[in-house]
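Structural description and commentary
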Amino acid sequence: LILGAAGGMGAVSARLSALQGNALVLVDRPSDAFDHLEEECRKLGGSVTAYRFDITDADSVNHLINNLENEPEITGCIYTIGVSPQMAPAEIIIKIDLVKTRELISDLKGVIAPGGALVAITSMSAYLCPADAELEACFRNPDGSTLISRLQADHPSILDNPGLAYAYSKKALLQYVQEESMTWGKEGKRIVSIAPGLIATDMGNQEMSAVPDFEKRLAMVSTGRMGAPEEIAHTALFLLAEQASYI
């Protein structure tokens, strides 16, 4: 199961998984890119089921979960849904990258089989945002329905800064995965996160083109280069494998 399948990270994961001979369930918004990916994965020889949905629409999400519950056993999920600072304002980033993502991952726990795992793609920005215990507690509050109003009242400046909204959303998501790991483990399931750095997807390139000190940031990377999406996808697929069952 790959969510956000038409995006840079999701599409690469789908192709590699198809080449491994896995049966695929692909999920994303309707788009030409998603149509092409579905066709491409079928040509690679894998069984493919595709669902089109909108994470911000409750009926669409409920319809997706109902369909997934009727799928054959789902043993692995790569979750790549998200928008970045150059793609949306702060409020939309918080809604999609954190609030709706936490809700959907919670629903997905019920459709992943015992012994299975979910890998959530977060971001290294989670480790770079300034420490602010009060603001972080606000983001971590599980009542997502009131998060924006609480931020408007107590931390209004964050809603004018998509970059910080993205970083704190990813940090809260990473913390959510850590907290949920015990709950998932009691059901014989695993939940893991990967926090990639500078990755050369379309979204990553778009973000880096807007960073004035990009070369300085790249110089801080030990390999001296941006990562390839295939490198993250291979890692995600390993984390879903039996060989990673203790992670």
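Here is a short report on the structure shown in this document. Fair warning: this is a prediction, and the values are worked out from it, not measured in the lab. (Residues numbered from 1 in each chain as written. Predicted model: local features only at pLDDT ≥ 70, side-chain atom pairs only at ≥ 80, totals over all residues. Heavy atoms only, no water.)

Some remarks on the overall build of the protein
The helix and strand inventory of the protein stands at 10 helices and six strands. By the compact-globule yardstick of 18 Å for 247 residues, the protein fits well, its C-alpha radius of gyration being 18 Å. When the backbone C-alpha atoms are referred to their principal axes, the protein occupies close to 50 × 40 × 35 Å. Looking at the 247 residues of the protein, the share that counts as buried comes to 50%. Counted over contacts in the protein with a minimum sequence separation of 6, partners at least 24 positions apart contribute 70%. (Helix = DSSP H or I, 4+ residues; strand = E, 2+ residues; numbered from the N terminus. Rg over C-alpha atoms; globule rule 2.2 N^0.38 Å. Buried < 20%, exposed > 50% of the residue type's maximum accessible area, 1.4 Å probe, protein only. Contact = heavy atoms within 4.5 Å.)

Some words on the packing of helix α3 (residues 58-69) against helix α4 (residues 90-108)
For the pair α3 and α4, the least separation of the axes is 11 Å and the interaxial angle reads 20 degrees. As far as their axial angle goes, α4 and α3 are roughly parallel. α3 and α4 meet at a crossing whose hand is right-handed. Facing V61, I65 and L68 of α3, the residues of α4 in contact are L104, D107 and L108. (Axes fitted to C-alpha atoms, helices over the stretch in contact; angles between N-to-C directions. Parallel < 35°, antiparallel > 145°, perpendicular 65-115°, else oblique. Left-handed = near helix turned anticlockwise from the far one by under 90°.)

A few points about the side chain of T80
Turning to its location among the elements, T80 is positioned in the loop between β4 (74-79) and α4. Within polar-contact distance, the side chain of T80 engages the backbone oxygen of L3 at 2.8 Å. Not counting residues within four places of it along the chain, the set of residues in contact with T80 comprises L3, G4, M9, G10 and I121. (Polar contact = N/O pair within 3.5 Å; in protein donor to acceptor, adjacent residues only side chain to side chain.)

Describing the layout of surface pockets
The calculated volume of the second largest pocket comes to roughly 400 Å³. A per-element tally of the lining of the second largest pocket places β4 first, with five residues. (1 Å grid on protein atoms, 1.4 Å probe; cavity = no way out; pocket = protein on both sides within 12 Å on 5 of 7 lines; lining within 4 Å. Points joined across faces, edges and corners; volume = space filled by probe spheres on them.)

Some details on the pattern of salt bridges
Oppositely charged side chains may form a pair once their charged atoms are brought near each other. Scanning the entire structure with this criterion turns up 12 salt bridges. One salt bridge connects K189 with E187, and the closest N-O pair in it is separated by 3.4 Å. Residue classification places E187 among the partly exposed positions, given a relative accessible area of 36%. One salt-bridge network, held together by shared partners, links D35, E38, R42 and R52. (Salt bridge = Lys/Arg side-chain N within 4 Å of Asp/Glu carboxyl O.)

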